[in-house]
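# A look at the structure
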Amino acid sequence: MKNCYINGMGCVSAQKTFESGFLEEIHLNETENVLFAQQPSYKEIIPPAAIRRMAKGVKMGIYASTQALKEANLEQPGAIITGTGMGCTEDSEKFLKAILDNKEEFLTPTSFIQSTHNTVGAQIALGLQCKNYNFTYVNGAVSLESALIDATMQIGNAEIDSALVGGIDETAAHTIEMFQLNNSIKKEEDKPYRVIGSHSKGVVFSEGAVFFALENRQTETSYAQIRDVFTQNILNPNQAQAFITDFLTQNDTTIDQVDAVVLGYNGDAGFDHFYDAAGSVFEGIPQLYYKHLSGEYNTASAFGLWMASHIMKNQEIPAVVSINDCRKEHYDTILLYNQYQGKDHSLILLTKC
Amino acid sequence: MDALKQELKSKIIEVLNLEDVAVEDINDNDALFGDGLGLDSIDALELIVLLDKEYGIKLTDPKEGKTIFQSIETMAAYITANRTK
Amino acid sequence: MNKKVAITGMGIISSIGKTVEENFTALTEGKSGISTIENLETIHKEVIKVGEIKITNPELEQLLGLSPDNNFSRTAMLGAYAAKQAIENAGIVDMNEYRTGLISSTSVGGMDMTERYFYDYFEDESVQKYITAHDAGDSSHKIAEYIGLTGFVSTISTACSSAANAIMMGARMIQAGKLDRVIVGGTDALAKFTINGFKTLMILSDTYNTPFDNNRKGLNLGEAAAFLVLESEEMVQQQHKKVLGYVSGFGNANDAYHQTASSENGEGAFLAMQKALKIANLQPSDIDYINAHGTATPNNDLSEGRALIRIFGENTPEFSSTKAFTGHTLAAAAAIEAVYSILALEHGVVFPNMNFKTPMEEFDLVPQTTLKTKKINHVLSNSFGFGGNCSTVIFSKN
């Protein structure tokens with residue numbers, strides 16, 4: 001079995017993460033229930049002929065993937081594997097609205113073409129002229145994790161030497177309104193929106209694109225090794241602890257060996273008890289969170305992985321992401337746990353290179 | 001005819017979202033596809049809808065577009081001869 | 001040497017039947033499922049033909065025994081129906097006795113409900129339950145819930161090659177020892193969204209689709225769902241399972257040519273077939289039947305034909321597209337065609353490429369137009385999607 005290393009990353013998020021550096025400039029927003037991604041300038045990396053058709057998600061994806069490949073000094077990944085929970089919602093909405101509003105007349109193809117879930121992966125391939133394996137996973141909060149399982153399996157099996165893996169989700173106006181309607185998004189009266197210690201239902205919704213350049217070899221730019229990724233569709237709250245300990249056992253890791261655990265708390269009082277249960281396994285161990293920075297969306301866990309990878313490389317935890325006061329001398333093993341609305345539970349185990 | 005050509009240029013820029021292109025940049029005889037303005041097959045489909053929506057001309061075969069959409073000149077001539085609105 | 005991946009069950013619902021047997025009968029008797037739309041309101045009703053399943057949503061709910069407050073999209077219902085058949089066919093009683101996964105695929109997920117209630121959501125509280133049924137993953141969660149599966153559940157969406165990729169991922173997970181068995185396939189319901197989408201691309205035929213014919217006018221859309229149960233060789237031996245066939249090879253490549261169109265020389269298709277043959281450790285001459293993608297669009301059939309010639313030379317084995325029977329069922333296409341490929345192996349038959357009259361002027365490829373009986377050991381199935389996504393799966397008897 002070959003190992004799988006994260007050798008490059010790119011991150012477009014609600015924070016100013018698109019440049020290099022790690023959470024140097026943080027903006028905590030507790031008054032808005034939708035956080036939009038900070039947009040970099042795209043003109044330098046996307047030709048005008050292509051950019052004119054691209055919705056935000058595609059642009060964010062191309063930007064983040066370019067950064068990841070550049071950092072890893074990788075030109076042609078052995079595979080391009082993306083994950084997206086909602087897909088290209090902006091263009092889906094645009095096309096659907098046109099159908100309904102114009103009674104199926106005078107429709108043009110561009111937004112339909114761009115609405116396909118694999119648009120981002122396909123356009124990256126087109127830009128790189130990369131004819132290799134190209135997959136897109138679309139399973140809610142385990143979309144990115146499915147992509148990681150696929151990539152680590154193929155790298156482990158020596159079928160490929162490298163893979164470009166990323167999670168992308170974009171916001172779109174009508175979808176936001178629908179999520180407000182069914183209370184998936186927090187209400188105005190629940191302000192200020194806190195992620196830890198929240199008593200209100202729903203989440204602060206957001207968007208972003210995070211890409212990882214994975215390789216079977218350790219290099220100067222390596223952040224961490226992805227030891228294992230595991231997902232499960234549903235879980236009873238009382239199974240959460242066993243879910244985690246079984247996973248650690250399978251990876252010959254004891255609870256004491258975990259130096260930090262990254263929990264996907266999103267402030268939804270209806271479901272955050274899964275994280276409370278998970279956290280109780282790790283008494284005295286640094287517990288971290290990130291969705292107060294990134295907001296919640298189906299592939300927000302990619303932001304968590306991006307953060308954990310930086311912590312592993314820097315061997316330092318920024319105070320802004322700490323749930324407790326615990327610190328360790330070394331961060332050699334980090335576990336990430338995420339779920340959304342009690343579904344799509346995932347675990348990622350990272351170890352130091 | 002000149003007014004139609006101007007109208008076509010600004011509509012093409014708008015419909016195809018050609019952000020960096022101005023009406024003055026397009027000459028009447030410039031090739032719209034390939035080396036000229038650089039439009040592609042997806043744009044051709046957009047232009048077919050433009051003909052239908054604005055001028056009441058229905059094309060059923062996308063191949064017909066090839067000759068019609070050669071330049072602003074050919075497009076304007078075709079529209080003038082075939083428009084129903 | 002790769003571990004063997006056995007197929008122990010399959011289930012299907014398409015416009016030519018709601019069981020494997022009904023589909024087989026229609027294929028052998030030349031009964032097409034292409035018709036005029038009944039279950040969907042669209043202004044294109046009279047101008048296009050589709051492969052529609054003539055079962056309404058309330059009827060489907062009843063067939064599945066769903067409670068009135070359910071929020072299954074049509075996509076989820078079709079998927080649940082086919083998946084249930086597949087697990088019954090595989091003789092699975094206790095769903096979670098072994099590490100069992102579900103990898104489904106869909107192109108538009110619950111769009112059939114979203115397009116119906118897009119504006120109504122804001123006025124009618126009773127339909128708001130469908131808001132969460134929109135995303136692709138929801139259809140897979142519903143299927144998992146319906147068959148009582150707890151474990152690995154994922155969904156792939158790479159347009160019209162989706163289900164082939166679900167089969168591929170499932171086979172890989174079995175080979176890697178991550179799962180003991182996995183239910184793989186795809187589901188897509190007809191939607192105004194896709195009908196109008198393909199209409200804007202001007203690749204919908206106004207009559208019955210004619211794959212590989214020189215005068216082909218485009219595709220007919222269809223709806224369907226199909227699932228296979230894949231199991232490891234250890235599981236098969238342990239449980240003395242009947243094996244319908246094996247997934248012996250698979251390959252995915254990207255054409256990297258255009259957002260929707262296939263390249264003129266069929267590069268992506270060529271690479272996908274090449275990879276699949278390599279993994280299966282087979283020569284092109286070992287393939288006995290090709291279930292082609294053959295959508296009957298001018299672009300696909302030319303590109304795929306050229307790729308076939310690049311792999312097989314002018315002497316291609318018998319090939320046919322079954323889309324004249326079912327229409328193009330998008331993400332489900334590779335799943336229903338996997339079922340047809342396995343039926344071809346099982347019964348030793350090549351299904352006819354219906355509606356073919358005139359060979360294409362670009363090459364001498366002529367599909368098999370009548371039902372043909374022959375010994376079949378290996379079937380190669382192609383599926384290609386938007387974004388240059390090209391996939392090939394090879395099914396073998398042993």
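What you are looking at is a predicted structure, and each value in this text was computed from that prediction instead of being measured.

Turning next to the confidence of the model for chain B. Confidence in the prediction for chain B averages 92 pLDDT; 100% of positions are at 70 or higher. Averaged pLDDT values over the elements of chain B bottom out at 91 in helix 3 (residues 65-68) of chain B and peak at 96 in helix 4 (residues 72-82) of chain B.

Residue and element names in this part refer to chain B. Between helix 1 (residues 2-15) and helix 2 (residues 41-55), the shortest axis-to-axis distance is 11 Å and the interhelical angle comes to 130°. Overall, the two elements helix 1 and helix 2 adopt an arrangement that is oblique. As for the relative orientation of helix 1 and helix 2, their crossing is right-handed in sense. Contact residues: Leu-4, Glu-7, Leu-8, Lys-11, Ile-12 and Val-15 in helix 1; Glu-46, Leu-47, Leu-50, Glu-54 and Tyr-55 in helix 2. The residue makeup of the contact of helix 1 with helix 2, split by class, is 7 nonpolar, no polar and 4 charged.

All names here are of chain C. Mapping Asn-355 onto the fold places it in the loop between strand 11 (349-350) and strand 12 (372-373). A relative accessible area of 32% places Asn-355 in the partly exposed class. Setting aside anything within four residues of it in sequence, one finds Asn-355 in contact with Tyr-208, Asn-209, Thr-210, Asp-213 and Ala-324. Looking at Asn-355, its side chain comes within polar contact range of the main-chain oxygen of Asn-209, at 2.7 Å.

The next thing to look at is the packing of helix 1 (residues 20-29) of chain C against helix 12 (residues 333-347) of chain C. Residues and elements named next belong to chain C. The contact between helix 1 and helix 12 brings their axes to 11 Å, and the two run at 75°. Taken together, helix 1 and helix 12 sit at an angle that is classed as roughly perpendicular. The segment helix 1 lies against helix 12, with Val-20, Asn-23, Phe-24 and Leu-27 engaging Val-339, Tyr-340, Leu-343 and His-347. A class-by-class count of the residues in the contact of helix 1 with helix 12 yields 6 nonpolar, 2 polar and no charged.

Quick notes on the rules
- Residues numbered from 1 in each chain as written.
- Chains lettered and ligands numbered in written order.
- Predicted model: local features only at pLDDT ≥ 70, side-chain atom pairs only at ≥ 80, totals over all residues.
- Heavy atoms only, no water.
- pLDDT = per-residue confidence, 0-100.
- Helix = DSSP H or I, 4+ residues; strand = E, 2+ residues; numbered from the N terminus.
- Axes fitted to C-alpha atoms, helices over the stretch in contact; angles between N-to-C directions.
- Parallel < 35°, antiparallel > 145°, perpendicular 65-115°, else oblique.
- Left-handed = near helix turned anticlockwise from the far one by under 90°.
- Contact = heavy atoms within 4.5 Å.
- Nonpolar A, V, L, I, M, F, W, Y, C, P; charged D, E, K, R; others polar.
- Buried < 20%, exposed > 50% of the residue type's maximum accessible area, 1.4 Å probe, protein only.
- Polar contact = N/O pair within 3.5 Å; in protein donor to acceptor, adjacent residues only side chain to side chain.

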